[in-house]
Structure formats: structure tokens, C-alpha cells
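A closer look at the structure
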Amino acid sequence: MPDIEMLKDRSAEGSVSTERLPIVDISPYLDSSSSEEARKVASQTLDKACREFAGFFYVTGHGLAPEYMKDLLKLGHKFFEQPQEKKDSIHIFKSMDRVRGYQKIGENVTYAKRDQQEALDIYPEPENPSTAQLEGSQLWPSEDDLPGFRDTLLDYTEKMKKIGHAFMRAMCDALGHREMFDQLQDDNYWVLRVIGYPPLPEEYDLDKGISCGAHTDYGCLTFLLADDTPGALQVESKDGSWIPADPIPGAYVVNIGDIIDTLTGHQYKSTYHRVIHRGSNYRVSMPFFFEPQRDQVIQTLPGMVPAGEKAVEPFTYFDHLKRMIYNHFVSNDEALPEKPNANALTQRG
Ligand SMILES: O=C(O)CCC(=O)C(=O)O
Ligand SMILES: [Fe+2]
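Figured I'd write up the structure that's included with this text.

Calculation criteria
Residues numbered from 1 in each chain as written. Chains lettered and ligands numbered in written order. Predicted model: local features only at pLDDT ≥ 70, side-chain atom pairs only at ≥ 80, totals over all residues. Heavy atoms only, no water. Axes fitted to C-alpha atoms, helices over the stretch in contact; angles between N-to-C directions. Helix = DSSP H or I, 4+ residues; strand = E, 2+ residues; numbered from the N terminus. Parallel < 35°, antiparallel > 145°, perpendicular 65-115°, else oblique. Left-handed = near helix turned anticlockwise from the far one by under 90°. Contact = heavy atoms within 4.5 Å. Nonpolar A, V, L, I, M, F, W, Y, C, P; charged D, E, K, R; others polar. Phe/Tyr/Trp six-rings, centres within 6.5 Å; stacked < 30°, edge-to-face > 60°. Lys NZ or Arg CZ within 6 Å of the ring centre and 35° of its normal. Near = heavy atom within 4 Å. Polar contact = N/O pair within 3.5 Å; in protein donor to acceptor, adjacent residues only side chain to side chain. Areas by Shrake-Rupley, 256 points an atom, 1.4 Å probe, with all protein chains shown as cover. Buried < 20%, exposed > 50% of the residue type's maximum accessible area, 1.4 Å probe, protein only. Pairing = 2+ DSSP bridges. 1 Å grid on protein atoms, 1.4 Å probe; cavity = no way out; pocket = protein on both sides within 12 Å on 5 of 7 lines; lining within 4 Å. Points joined across faces, edges and corners; volume = space filled by probe spheres on them.

A closer look at the packing of helix 2 (residues 66-81) against helix 4 (residues 149-175)
Running from amino to carboxyl end, helix 2 crosses helix 4 at an angle of 135°, the nearest separation of the two axes being 11 Å. Taken together, the axis directions place helix 2 and helix 4 in an arrangement best described as oblique. Note that helix 2 runs across helix 4; the crossing there is left-handed. Residues Tyr68, Leu72, Leu75 and Phe79 of helix 2 touch helix 4, and the partners they reach there are Phe149, Thr152, Leu153, Asp155, Tyr156 and Lys159. The residue inventory of the contact of helix 2 with helix 4, partitioned by class, reads 7 nonpolar, 1 polar and 2 charged.

Written out as C-alpha cells, the structure reads:
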């Protein structure tokens, strides 16, 4: 995970590289009749993508139809097209734990800057909801307003969990350490965001906050479904330039989060990425964050603590998630801290 010394201003536009992200075909890990050889090719391609291309890659062979993916994004557009008062009626601050539901433009904060995006944040619901952190019940648009919205998105999370498991199996084959990765295949936590980005005005001062400030993701793996807006999502390459991660129809953009980075002692890296959306259209993206079990203890795997580094103090995933999330939102009338505080170092967009 990045520490404060490593923080630099990543909102300035910077140079854009012509490098492309690699493509990983995950189908052998979703097809029980695939050959060992085919699985080996998939796991080795994944391994290379995680090591050499900074943990960002395109994924094909996931089994979801392009039409289905497009329909999900259309649902996202429909959500944001609702009148503002409908969206406000399910604002996160109305939810029991104050984080589930709609966030207005500028309320999501990355490194103390307001992101120019609005979003719907969805988390698994506990059996007995309460007002404790992350234990509330989910706020959804009403069935009258958006029929089928809730069921379609919940069904989507089930499909994505299966795809997430396939990735964990592929990583396990590449890295060994079956015991740890087996735990990552059971009762996984997840987070789903539906994000809407109005274009940044032509003369917009990027210092005030971009569409989504540069950050690493704080979980295991992020599967990004995004509409076909080019140039918006950018990934930081090893030389500090930005690689555009433009959508490929039918493919996901997938990246490694801080948990995998920690487990592997940075062999698989969580990489900074950001969104600067300057086009003329309204962009919608839908990241699915595939996570460990809530109470899983995270520590670097045996033999993977990098030479010269101290092993991280073990922490539970859910504590980590709560720390990240509750540092992430501010209401419009709250002043933002001048500098990022120590608890908000690793942030999700
Ligand atoms: O909208 C995007 O393309 C990326 C969003 C993102 O990085 C995030 O929500 O973590
Ligand atoms: Fe992200």
C-alpha cells in the first residue's frame, strides 16, 4: 500500500503513453472440461500481466454476453437520468450506516479532492441490519421508478463472484500458496458502484479534483464495466506516464487491488489509475470489487515478504474496508482537509 512519502500530484495531466494493456483470456478457468495446458497458458498470461504490466489488463472469455453488459450500462444511465430529487431520496446519508445509496457530484473524495462524479454504492446486506459501520440495509431506487433494477444488479454480483473465483484459481496456479487462495473462494465480500461522469468543462481547473482522482483500489480484484467513452480511464505506467485503458467491446478492464498487493509482497501490484473525462457525453462505469471474506486476516504470504521489508501487521479485511470507506465521503458543507490524513492513504475511486 502506498505511504505518504510516495504521494505526488497525480491530477496534473502528464504525458500519455501509447502502450496498450495486455489481454487475458480466462475461459479455461470457467470451463471444467478445459485442458491443463489451456489453464497453464491462462495463468501464465495473467501472471505476466500482473508483474510486467503493473496489474492492469483486459479480460476476455468471462462468459458474459456483450448485449447483457450493454444492458447493465443502460440501467446505469437510466438511474442517473432520474430527476435529482429521486436520486437524493436514496442518498447515502439516509442509509442506516450512511454509506449505501446515492452520492452527489463532488461528494466522493480522493486524496482530499472532490471527484466530479455521482454514484450509487452497493454492499452486501447483513442478516440483521443495524446502524453499525457497514451493517446497514441497502437503499435502492423504487421498483416503480426502475423496475428490475435491484434484482438485475444483485444477479450480476452473483455472476461476477464466479468470475472472481476463476481469477483466484488462476493466480493460485501461478503463485502456489493454495491454502490462502482457497480461502479467497468462499463467501466473498464485494462492492458494486455505478458511477456517472458528466464531462469536465473545457476550462476546468484539474487541481480542484478530476473525474476520479488517482488511487489504488483497496480490495482483491476490480472488474470494470464501462461504456465506450475513449480516453477517460488512465493507468499509471512504471515510467510515470499514463496509459489510456480504453474499453474493448465485450471485455473487462481488470486490476489488482491492495489486498493482493499485500498478500504477494508487491509481486502483483495495485496500480494508480484515474479518470479524466473531457468528452461531450455523460459517461457511465460500473466497477465490481471482488473481495476476500469479511473477516479474513490479511498478511503477506509465507516467503513473499520482500527482502529488506518488515512483514505487515496482520489486519482483517473488513476493518481495512471500513477504514477506507468512512474516510471517503464528505457532505457538501464540510471543509475538506488540506492534506490527506494518514487513514485515507489508500483510496478507492
Ligand atoms: O470509472 C472508471 O473507469 C474507474 C473507476 C475506479 O477506478 C473506481 O471506482 O475505483
Ligand atoms: Fe479504482
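Looking at the packing of aromatic side chains
Tallied over the full model, the rule gives 12 aromatic pairs. Residues tryptophan 190 and phenylalanine 288 carry aromatic rings whose centres are separated by 6.4 Å and whose planes lie at 25° to one another, so their mutual orientation is stacked. Highlighted residues: tryptophan 190 in strand 7 (residues 190-197) and phenylalanine 288 in strand 14 (residues 283-290), separated in sequence by 98 residues. An aromatic cluster is built from Phe79, Phe80, Tyr102, Trp140, Phe149 and Tyr282, whose rings are joined through pairwise contacts. The residue whose ring lies beneath arginine 274 is tryptophan 242, and the NZ or CZ to ring-centre distance is 3.9 Å.

Focus on the site of ligand 1
Within the structure, ligand 1 sits among 14 residues, and Tyr197, His215, His273, Arg283 and Ser285 are positioned closest to it. One nitrogen or oxygen atom from the side chain of histidine 215 is found 3.1 Å from an oxygen atom belonging to ligand 1. At a separation of 3.1 Å, an oxygen atom of ligand 1 approaches a polar side-chain atom of aspartate 217. Surface burial for ligand 1 is 98%, taken as the share of its 290 Å² of free accessible area covered by protein chains. Among the secondary structure elements, those contributing two or more residues to the shell around ligand 1 are strand 7, strand 13 (273-275) and strand 14. At 4 residues, strand 14 tops the list of elements feeding residues into the shell around ligand 1. Residues that form the shell around ligand 1 fall into these classes: 7 nonpolar, 4 polar and 3 charged.

Quick notes on the pairing of strand 12 (residues 252-256)
Counting buried residues in strand 12 gives 5 out of 5 residues, a clear majority hidden from the surface. Neither face of strand 12 is left uncovered, since the one carrying Tyr252, Val254 and Ile256 and the one carrying Val253 and Asn255 both have all their residues buried. Note: strand 2 (residues 56-60) against strand 12, 4 bridges, orientation antiparallel. In the strand pairing of strand 12, valine 59 is matched with tyrosine 252. Where strand 9 (residues 221-226) meets strand 12, 4 bridges bridge the pair, whose relative direction is antiparallel. Counterpart to leucine 221 in the pairing with strand 12 is isoleucine 256.

So, the layout of surface pockets
One number sums up the size of the second largest pocket: a volume of about 390 Å³. Lining the second largest pocket are 17 residues, and of these Lys70, Leu73, Ala226, Asp227 and Asp228 sit closest to its centre. Mapped by element, the contributors of at least two residues to the lining of the second largest pocket are helix 2 and strand 9. Examining the composition of the lining of the second largest pocket, we find that 6 residues originate from one element, helix 2, more than from any other. Looking at the lining of the second largest pocket, its residues break down into 11 nonpolar, 2 polar and 4 charged.

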